[in-house]
Amino acid sequence: MREQFDEIVGTPPPSTIDTHVLARRVRRTRDARRAGIAATAIVAAGLTGGLLVGNNPPVGTPPVPDNTAIAQADNRIELKSDTRSNGEASAERLAALIEDAVADVAPGAVWINALDVRFIDAGPEGSQWSGSGGLEVGGRFGNIFVMTVGGRAEHEKAGQSGLSCPPDMSGCTEGTSPGGRKTMTFDGGEGSSRLVRAAIELPGNRIIAVHHIPEQSGPVLSAAQFLQIFDAVAAQIK
Amino acid sequence: MPPPPGRYLLATTADCHTFVAERLDRWRRSAYLMCDDWHLADDLVSDAVMLLYRHWSRVRRADNPDAYAQKILARCWLTERRRAWWRRERTTDTMPVTSHRQDERVIDRLPLAQMLKTLGPRQRATLILRYYLDYSVDETAEILGVAPSTVRAQCTRALEELRSTSPTIH
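Throughout this description, residue numbers start from 1 for each chain and increase along the sequence as written. The order in which chains are written sets their letters, starting at A; the order in which ligands are written sets their numbers, starting at 1. Only residues with pLDDT of 70 or above have their local features reported here, since the model is predicted, and side-chain atom pairs are shown and tallied only from 80 upward, although totals for entire chains, interfaces and linings are computed over all residues. Remark: hydrogens and water are excluded; side-chain values derive from all non-hydrogen atoms of the structure.

Enquirer: Whenever I open this one, the overall build of chain A confuses me. Can you help?
Expert: When you go through chain A residue by residue, the secondary structure sums to six helices and seven strands. Under the DSSP-based scheme used, a helix requires at least four consecutive residues in state H or I and a strand at least two consecutive residues in state E, with every element numbered from the N terminus. Walking chain A from its N terminus toward its C terminus, one meets helices and strands in the order α-α-α-α-β-β-β-α-β-β-β-β-α. Partly exposed describes any residue whose relative accessible area lies between the buried limit of under 20% and the exposed limit of over 50%, with all areas from a 1.4 Å probe on protein chains only and scaled to the type maximum. A total of 238 residues make up chain A; the buried ones form 41% of that total. In this description, contact between two residues means that some pair of their heavy atoms is separated by no more than 4.5 Å. Of the contacts formed within chain A by residues at least 6 apart in sequence, a portion of 53% connects residues at least 24 apart. When the accessible surface of chain A is split by element, carbon and sulfur atoms take 54% of a total near 12400 Å². Calculation of accessible area relied on Shrake-Rupley with a 1.4 Å probe; when residues are assessed, cover is drawn exclusively from the protein chains displayed.

Enquirer: It is not clear to me how the sheet that holds strand S4 (residues 172–176) of chain A should be interpreted in this structure. Could you clarify?
Expert: Strands pair in a sheet through their backbones, by hydrogen bonds, and they do so in one of two ways: parallel or antiparallel. All names here are of chain A. In space, the seven strands of this open sheet follow the order S1-S2-S3-S7-S6-S5-S4, with antiparallel pairing throughout. Strands with a single pairing partner mark the edges of an open sheet, and in this sheet they are strand S1 (110–120) and S4. On average, each strand axis in the sheet is inclined to that of its neighbour by 15°, with strand direction left out of account. Criterion used throughout: strands pair if DSSP finds at least two bridges between them. As paired strands, strand S2 (residues 128–137) and strand S3 (residues 140–150) are joined by eight bridges and run antiparallel to one another. When the bridges of S3 are listed, Glu 136 appears paired with Phe 141. Its contacts with the sheet place helix H6 (residues 223–235) against S3, strand S5 (182–188), strand S6 (195–202) and strand S7 (206–212), and it is angled at close to 25° to S6. For helices, the axis comes from a line fit to the C-alpha atoms of the stretch in contact; other axes are also lines fit to C-alpha atoms, and the angle between any two N-to-C directions lies between 0 and 180 degrees.

Enquirer: I tried to follow the packing of helix H1 (residues 2–9) of chain A against helix H8 (residues 121–132) of chain B on my own but got confused; where do I start?
Expert: What describes two packed helices is the angle between their axes and the distance between those same axes. For the pair H1 of chain A and H8 of chain B, the least separation of the axes is 10 Å and the interaxial angle reads 120°. The orientation of H1 of chain A with respect to H8 of chain B, classified from their angle, is oblique. You can see that H1 of chain A and H8 of chain B cross each other, and the crossing is left-handed. Only Leu 127, Ile 128, Tyr 131 and Tyr 132 of chain B of H8 of chain B make contact with H1 of chain A, whose side of the interface consists of Arg 2, Phe 5, Asp 6 and Val 9 of chain A. For the contact of H1 of chain A with H8 of chain B, the per-class residue count stands at six nonpolar, no polar and two charged. Orientation is classified from the angle alone, with under 35 degrees giving roughly parallel, over 145 giving roughly antiparallel, 65 to 115 giving roughly perpendicular, and any other angle giving oblique. A crossing counts as left-handed when the near helix is turned anticlockwise from the far one by less than a right angle, and as right-handed when that turn is clockwise. Polarity classes work like this: nonpolar for Ala, Val, Leu, Ile, Met, Phe, Trp, Tyr, Cys and Pro, charged for Asp, Glu, Lys and Arg, and polar for all others, with Gly in that last group.

Enquirer: What exactly am I supposed to notice about the nonpolar core here?
Expert: Most often, soluble globular proteins keep nonpolar side chains buried together rather than apart. Among the nonpolar cores identified, the biggest contains 60 residues, and Phe 5 of chain A together with Trp 27 of chain B are the most heavily contacted of them. Once residues lying within four places of it in the same chain are set aside, the contact partners of Trp 27 of chain B are Phe 19, Val 20, Val 45, Val 49, Leu 52, Ala 69, Gln 70 and Leu 73 of chain B. What is meant by a nonpolar core is a set of buried Ala, Val, Leu, Ile, Met, Phe, Trp, Tyr and Cys residues, joined one to another through side-chain atoms within 4.5 Å. Counting 37 residues, the second largest nonpolar core, distinct from the first, contains Val 105, Val 146, Val 210 and Leu 221 of chain A.

Below is the structure:
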């Protein structure tokens, strides 16, 4: 019977399917959805601000400090892990923040493999977000791995240890970002064992860390650039 | 210094491209057998590929990613057939390209081709999955979302009909 099926099919005509175009279309749809989420958040913040502005005090009452500017400016996101859908939504927002920060710090960077951040629901023991993507910057390509650690008060020490350099480890630097967050960077090892790492503290006893194992041609971004990117990301998380 | 996360995180678009590229020809063939039109077959496969890209994380985690992908394609075909005819029709300024159409005088004489034309979309998909793509009864039932007994019954009926018109078919 299979031969008869093959006879019916005959010689297939050239394919009109361009899988790369389809992948880009899916990517664009996803980006548009993210932009929609961001726009909704901005509109919501604007409406909140508008309500506050509209709620004027009666004439004659003493002036109060105007907090509307603060309300409007606070578009920061919260990494929520109370439900799976909230966790997945946070994963999408985190990925969008990272992509935006990469675009700001390394304008020529291209995501060859889309950044895919997942919510890992580990229950009450502390959920986390992790993911990976492939970046090309200035002709260099490399995969980056992103993950959050911690999230509960009792994990504070474990989380903070991700920001501490082991004794006598060359290439490892602890510090504080311009935004006052604790940081750690590492660039060490040789050849295929070289690792570039940057970690920064997040609200909620968490840290976010990025690992990059450079190809032969070298790292796509330096540890300092990764730190700059994730400092910008951390500034957008409350 | 903590070790880098496991390689399982390399859920990249490149993996998906490779997965699709390796199976594209097989999907086009099976789609053509289902709809008997290369243009529609390419449309169906395009829809299926977009769904694959969108849900790649789920596909690659599936026990049988091949069957999962085939399920997506079969669902695209069944959805297409459920669509009202006026939504399926497309008018164009130019004449449709017919050069890729098989020589109907020869092909239509094949008992299998004649029988396929008489079958509904789901029965047609059942035969293609079972006897062209070699899926088991259970896998075919899972892909089409029907009971295994339905698959068995449809296959038995189709084979009896084929044998009555062409005794050489096994």
